[in-house]
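Notes for the structure review
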Amino acid sequence: MGRGRVQLKRIENKINRQVTFSKRRSGLLKKAHEISVLCDAEVAVIIFSAKGKLYEYSTDSSMKNILERYEQYCYAEKALVSSELECQGNWHQECVKLKAKFEVLSKSQRHLMGEQLDSLTLKELQQLENQLDNSLKHIRSRKNQVMSDSIAELVRKEKALQEQNKHLEKQMLSRKDSHGRSCGGSGSDQQQHATTMDADPFEWVEHATLQADDDEDDPSSSVKVVVL
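It should be emphasised that the depicted structure is a prediction, and the values quoted were computed from it without experimental measurement.

**A short note on the overall build of the protein chain**
Counting secondary structure elements, the protein chain contains five helices and two strands. Going residue by residue from the N terminus, the α and β elements of the protein chain occur as α-β-β-α-α-α-α. The contacts in the protein chain between residues at least 6 apart in sequence include a share of 13% that link residues at least 24 apart. When the accessible surface of the protein chain is totalled, it reaches about 21,000 Å², and 56% of it is carbon and sulfur.

Here it is, written out as structure tokens:
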């Protein structure tokens, strides 16, 4: 039959307890040495007997160095945990503050909308009324400012359009004048000839007859006079 499982409990017999302590202590120190050699680990073992006698084992680095590293690690871990707990506490407090502010703002908004006014006292209602009056004054002032700015912008655009129209009108007049000058030569000769005929047709005929008498010696010249 196989060996049964040993029940772990305090050995009542003093001699047996001492013998077991010696064996287990030696085995524990041996295992600590083995794990330090096989796994290149830093190991420190401290054992106090029932009578207060100290038994210890440490790797090549002294027990003091290992204990200092242990204390630093424990302190850093405790500081990290403490900072996390403190941070969580701060976040919780901040969340509570933000919730309270949100409730106050929501309540104030409802009051401004004329809702849930039953719980307000006369003084609170007067303060709310004054607040609304001040808000209306600011809103109207801003509205008037916006309207004034809009009117000023429209006036500026109107002046710009008027200047543009004047410029276009000047361009059209200059084009008409240039076109009239190009046709002015032929038109003035025709007008002068018509004026002469209208003034005295008999003088014009006489002038034409005298011109014809002067040209009789020239056989190649011929004059035709038409009197209407």
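**Re the nonpolar core**
Among the nonpolar cores identified, the biggest contains six residues, and these are A32, V43, V45, I47, Y55 and Y57. Of all the secondary structure elements, the ones that give two or more residues to this core are β1 (44-48) and β2 (54-58). Not counting chain neighbours up to four residues away, the residues in contact with V43 comprise A32, I35, S36, Y57, S58, T59 and I66.

**Re the side chain of S36**
Residue position: S36 is located in helix α1 (residues 14-39). Setting aside anything within four residues of it in sequence, one finds S36 in contact with A41, V43, Y57 and T59.

**Things to note about the confidence of the model for the protein chain**
For the protein chain, per-residue confidence averages 77 on the pLDDT scale, and residues scoring 70 or more make up 71% of the total. Note that residues 199-216 has pLDDT below 50 and, in this model, eleven contacts with residues that lie over four places away or in other chains. Per-residue pLDDT stays below 50 along residues 219-228; that stretch engages in nine contacts with residues further than four places along the chain or on separate chains.

**So, the packing of aromatic side chains**
Summed over the entire model, instances satisfying the criterion amount to one aromatic pair. Ring geometry for F21 against Y55: centres 6.0 Å apart, planes inclined by 65 degrees, an arrangement best described as edge-to-face. Taken together, the positions of F21 in helix α1 and Y55 in strand β2 put the pair 34 residues apart, joining distant regions of the chain. Assessed through its relative accessible area of 23%, F21 is described here as partly exposed. The ring of Y55 has R25 lying over it, and the distance from NZ or CZ to the ring centre is 4.2 Å.

**With respect to a nonpolar patch on the surface**
Together, I46, F48, L54 and L67 make up an exposed nonpolar region whose accessible area comes to about 370 Å². Residue placement: L67 occurs in helix α2 (residues 63-112). The class of L67 is partly exposed, set by a relative accessible area of 34%.

**Topic: the pattern of salt bridges**
Here the structure, examined in full by the defined rule, presents three salt bridges. E42 is the salt-bridge partner of R69, the closest N and O atoms lying 2.8 Å from each other. A residue pair is termed long-range when its members are at least 10 positions apart, and R69 in helix α2 and E42 in the loop between α1 and β1 qualify at 27 residues. What makes E42 partly exposed here is its relative accessible area of 47%.

**Things to note about the pairing of β1**
Of the two faces of β1, the one holding V45 and I47 is buried and the one holding A44, I46 and F48 is not buried anywhere. In sequence, β1 turns back onto β2 through a hairpin of five residues, with G52 there showing a positive phi of about 90 degrees.

**Thoughts on the side chain of S49**
Within the secondary structure, S49 sits in the loop between β1 and β2. For S49, a relative accessible area of 16% puts it in the buried group. Once you skip the residues sitting within four places of it in the chain, S49 turns out to touch F21 and Y55.

**Focus: α1**
With 26 residues, α1 should cover 38 Å at 1.5 Å per step; its first-to-last C-alpha distance of 37 Å lies within 8% of that length. Buried within α1 we find R25, A32 and S36. Where α1 begins, the capping side chain belongs to N13, and its oxygen is found 2.9 Å from the backbone nitrogen of I15. Following α1 by one or two positions, D40 has its phi on the positive side, about 50 degrees.

**A few points about unusual backbone geometry**
The general pattern is negative phi for most residues beyond glycine and trans for most peptide bonds. Non-glycine residue D40 carries a positive phi angle of around 50 degrees. Along the chain, D40 falls in the loop between α1 and β1. For D40, a relative accessible area of 73% puts it in the exposed group.

Scoring rules and cut-offs
Residues numbered from 1 in each chain as written. Predicted model: local features only at pLDDT ≥ 70, side-chain atom pairs only at ≥ 80, totals over all residues. Heavy atoms only, no water. Helix = DSSP H or I, 4+ residues; strand = E, 2+ residues; numbered from the N terminus. Contact = heavy atoms within 4.5 Å. Areas by Shrake-Rupley, 256 points an atom, 1.4 Å probe, with all protein chains shown as cover. Core = buried A, V, L, I, M, F, W, Y, C linked by side-chain atoms within 4.5 Å. Buried < 20%, exposed > 50% of the residue type's maximum accessible area, 1.4 Å probe, protein only. pLDDT = per-residue confidence, 0-100. Phe/Tyr/Trp six-rings, centres within 6.5 Å; stacked < 30°, edge-to-face > 60°. Lys NZ or Arg CZ within 6 Å of the ring centre and 35° of its normal. Patch = residues over 30% accessible without salt bridge, like charges linked within 9 Å, V, L, I, M, F, W, Y side chains within 5 Å. Salt bridge = Lys/Arg side-chain N within 4 Å of Asp/Glu carboxyl O. Pairing = 2+ DSSP bridges. Expected span 1.5 Å × (residues − 1). Polar contact = N/O pair within 3.5 Å; in protein donor to acceptor, adjacent residues only side chain to side chain.

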